Amino acid sequence: MFGTESSLSMFLNTLTPKFYVALTGTSSLISGLILIFEWWYFRKYGTSFIEQVSVSHLRPLLGGVDNSTASSSSSSSNGDADSSRQSVSECKVWRNPLNLFRGAEYNRYTWVTGREPLTYYDMNLSAQDHQTFFTCDSDHLRPADAIMQKAWRERNPQARITAAHEALDLEDCATAYILLAEEEATTIVEAEKLFKQALKVGETCYRRSQQLQHHGSQYEAQHRRDTNVLVYIKRRLAMCSRKLGRTREAVKMMRDLMKEFPLLSMFNIHENLLESLLELQNYADVQAVLAKYDDISLPKSATICYTAALLKARAVSDKFSPEAASRRGLSTAEMNAVEAIHRAVEFNPHVPKYLLEMKSLILPPEHILKRGDSEAIAYTFFHLQHWKRVEGALNLLHCTWEGTFRMIPYPLEKGHLFYPYPVCTETADRELLPMFHEVSVYPKKELPFFILFTAGLCSFTAMLALLTHQFPELMGVFAKAFLSTLFAPLNFIMEKVESILPSSLWHQLTRI
């Protein structure tokens, strides 16, 4: 059971330098593999694998939850439920009001780069939207609508296009034209022609169902579907006009659409209108739209907050100088502009890095998460040119945006003007954005302890292996001295025990 100092020395003398090289080299290799896996897992999932396993599996085995925590959990269950409901509502995924055309824009990107700009999760959400907007329970009564009902559920793009052509062979079908305009047309001009054909059919169906909507729930559902189809077609036609340079025409179409269907806010047409008005540099009309939609009772967006900041920055940015402002202080107008920027940055802290071109842009997804990286990409993709057009606006943003974080030192716990920043944005954005994009994370996560620990262990053991290989004799002496020092307290204890115990009992113990 006990060893002696002579046996320890004998054991150390039998160890060759090759043993130390193999020991340190193997330790370095194992710790390096652990480091690589931990780093990959952290980049992919935002957490440490070892910490996650420890919390999920080892903590319950080592004692579970503290009694104080268990007793307080029952009393705070209602509060936890409320906070979870708030978290779910804040992490709701919204359809991007400025989403691109699959055939004319997303697919062209794939042809050029070989990369898929849309994730399966994003496209699946679009398929659900299409089934909600473009189908109803009475579709089985018309053969073309029945075919399109199946087409919207089809995963294969070519099968969807084939089904749309089959529906058009039977009769004119607005939703079939929509699908072909979105996915088969390879240019915006082709898409616009198909949408114009869809508009003729859609208006006819809308007028017919409008007259029959009060005849029963089935006709009411059909009218609701026809309304969604007509609004979608007109909105996409307006976007085609905007993309083809007919911006004034696009603005008129959007205004008419908002007047005709004022209750259909789910399409967020006002965001399309804001972008078109900014392109025309019609800032008075932009302010009028903001006055209506930047209301405390209405949901916010990056477009609303950052457009409001841009308008206020426009009033002072051309003459703004950080050196002069530090000497004389900020004027009232400059203070208003800085506060507007801080408000926008608090709502979505990912946008400034894209506007300042500190982070590369990608094509925006078809769905966005408000306050997330996906919304920042979608906003900047269309609005960066408007910020560049206003002289000094980006300079003012560059000088002031980081000051926001001093007002919200704990953004996940307490906000300043908005609710605390939702913790679920990173997970949802990783689902919405392609793998080749590095998702922006807020607040910035520190490296987990186990990554730092394994990095230090790998570096230390690799250095030991290198030194042992280069200086085997010297490192052997150091290793023996280190082990001897390490076991010195044990040797001292054994000597004391030997001096206290009778010799016969000590010999019995050493033979065990």
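These figures come from a predicted structure and were not determined experimentally.

A. Main features of the overall build of the protein. In terms of helices and strands, the protein carries 26 helices and 2 strands. A buried classification covers 44% of the 512 residues belonging to the protein. Contacts spanning at least 24 positions in sequence make up 71% of the contacts within the protein whose residues lie at least 6 apart. For the protein, the computed accessible surface area is about 28,200 Å², with 59% contributed by carbon and sulfur atoms.

B. Geometry of unusual backbone geometry. Of note in this structure, Gln281 is not a glycine but carries a positive phi near 60 degrees. Relative to the helices and strands, Gln281 is located in the loop between α14 (269-279) and α15 (283-293).

C. Inspection of the packing of helix α12 (residues 217-243) against helix α13 (residues 247-260) at higher detail. Viewed as axis vectors pointing N to C, α12 and α13 meet at an angle of 160 degrees, and their least axial separation amounts to 7 Å. Taken as axis vectors, α12 and α13 run roughly antiparallel relative to one another. For the pair α12 and α13, the crossing hand works out as left-handed. Residues Val231, Lys234, Arg235, Leu237, Ala238, Ser241 and Arg242 of α12 lie in contact with α13, whose contacting residues are Thr247, Glu249, Ala250, Met253, Met254, Leu257 and Glu260. Split by residue class, the contact of α12 with α13 holds 7 nonpolar, 2 polar and 5 charged.

D. Expanded view of helix α16 (residues 302-314). The first and last C-alpha atoms of α16 sit 18 Å apart over 13 residues, in line with the 18 Å expected at 1.5 Å per residue. α16 sits mainly inside the fold: 11 of its 13 residues count as buried. Among the residues making up α16, those that are buried are Ala302, Thr303, Ile304, Cys305, Tyr306, Thr307, Ala308, Ala309, Leu310, Leu311 and Ala313. For α16, the secondary structure elements touched by its buried residues are α14, α15, α18 (332-347), α19 (351-355), α20 (373-389) and α21 (393-400).

E. Highlighting a nonpolar patch on the surface. Side chains of Phe460, Met463, Leu467, Phe471, Leu474 and Phe478 sit close together on the surface and give an oily, nonpolar patch of about 600 Å² of accessible area. Counting only elements with at least two residues in the nonpolar patch, the list comes to α24 (449-470) and α25 (472-500). Broken down by element, the residue count for the nonpolar patch peaks at 3 residues, all from α24.

Definitions and cut-offs
Residues numbered from 1 in each chain as written. Predicted model: local features only at pLDDT ≥ 70, side-chain atom pairs only at ≥ 80, totals over all residues. Heavy atoms only, no water. Helix = DSSP H or I, 4+ residues; strand = E, 2+ residues; numbered from the N terminus. Buried < 20%, exposed > 50% of the residue type's maximum accessible area, 1.4 Å probe, protein only. Contact = heavy atoms within 4.5 Å. Areas by Shrake-Rupley, 256 points an atom, 1.4 Å probe, with all protein chains shown as cover. Axes fitted to C-alpha atoms, helices over the stretch in contact; angles between N-to-C directions. Parallel < 35°, antiparallel > 145°, perpendicular 65-115°, else oblique. Left-handed = near helix turned anticlockwise from the far one by under 90°. Nonpolar A, V, L, I, M, F, W, Y, C, P; charged D, E, K, R; others polar. Expected span 1.5 Å × (residues − 1). Patch = residues over 30% accessible without salt bridge, like charges linked within 9 Å, V, L, I, M, F, W, Y side chains within 5 Å. Salt bridge = Lys/Arg side-chain N within 4 Å of Asp/Glu carboxyl O.

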